[in-house]
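Descriptive structure summary
One-letter residues, chain by chain:
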Amino acid sequence: MPTALLSGTTAVAGIAFIDSVGNIGGFFGPYIIGLVRTSTGHFAGGLLVVVGALAVSGGLVLIVELTRDPVLS
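Residues numbered from 1 in each chain as written. Predicted model: local features only at pLDDT ≥ 70, side-chain atom pairs only at ≥ 80, totals over all residues. Heavy atoms only, no water.

Some words on the overall build of the protein chain
For the protein chain, the helix and strand inventory stands at 3 helices and 0 strands. Start at the N end of the protein chain and walk to the C end: the helices and strands fall as α-α-α. Since a compact globule built from 73 residues should have a radius of gyration of about 11 Å, the 16 Å found for the protein chain marks it as more spread out than a globular shape. Projected onto its principal axes, the C-alpha positions of the protein chain cover 50 × 25 × 10 Å. Within the protein chain, the proportion of its 73 residues that are buried is 8%. When the accessible surface of the protein chain is totalled, it reaches about 5,700 Å², and 76% of it is carbon and sulfur. (Helix = DSSP H or I, 4+ residues; strand = E, 2+ residues; numbered from the N terminus. Rg over C-alpha atoms; globule rule 2.2 N^0.38 Å. Buried < 20%, exposed > 50% of the residue type's maximum accessible area, 1.4 Å probe, protein only. Areas by Shrake-Rupley, 256 points an atom, 1.4 Å probe, with all protein chains shown as cover.)

Structure follows, in structure tokens:
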């Protein structure tokens, strides 16, 4: 999707940004699951937090795709 929305150097920067966010999520995801498990005593709460983050990010992708100007494509 970044290469469809961006071109040239900005596409490279977009892909690098996505990779960076993924690495940050790989660090904080298990931390948040452990934090919620410690406070609630169950894994379900931590997994629900991760599911919520996934739903929000999927919604943002849909919003970006739906609001994209077809003239620029």
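Considerations on the packing of aromatic side chains
Per the counting criterion, the structure on display carries 1 aromatic pair. For the ring pair F27 and F28, a centre distance of 4.9 Å and an interplane angle of 80° mean the geometry is edge-to-face. You can call F27 exposed: its relative accessible area is 56%. (Phe/Tyr/Trp six-rings, centres within 6.5 Å; stacked < 30°, edge-to-face > 60°.)

Regarding a nonpolar patch on the surface
Together, I24, F27, F28, Y31, I32, L35 and V49 make up a nonpolar patch on the protein surface, roughly 690 Å² of accessible area in all. Among the elements that take part in the nonpolar patch, helix α2 (residues 9-40) stands out by supplying 6 residues, more than any other. Secondary-structure assignment places I24 in helix α2. On the basis of relative accessibility, which here comes to 49%, the residue I24 falls in the partly exposed class. (Patch = residues over 30% accessible without salt bridge, like charges linked within 9 Å, V, L, I, M, F, W, Y side chains within 5 Å. Salt bridge = Lys/Arg side-chain N within 4 Å of Asp/Glu carboxyl O.)

Describing the environment of V36
The topology assignment puts V36 in helix α2. Relative accessible area serves as the criterion here: at 17%, V36 is assigned to the buried category. Non-local contacts of V36, meaning those with residues more than four positions away in its chain, are made with G41, H42, G45, G46 and V49. (Contact = heavy atoms within 4.5 Å.)

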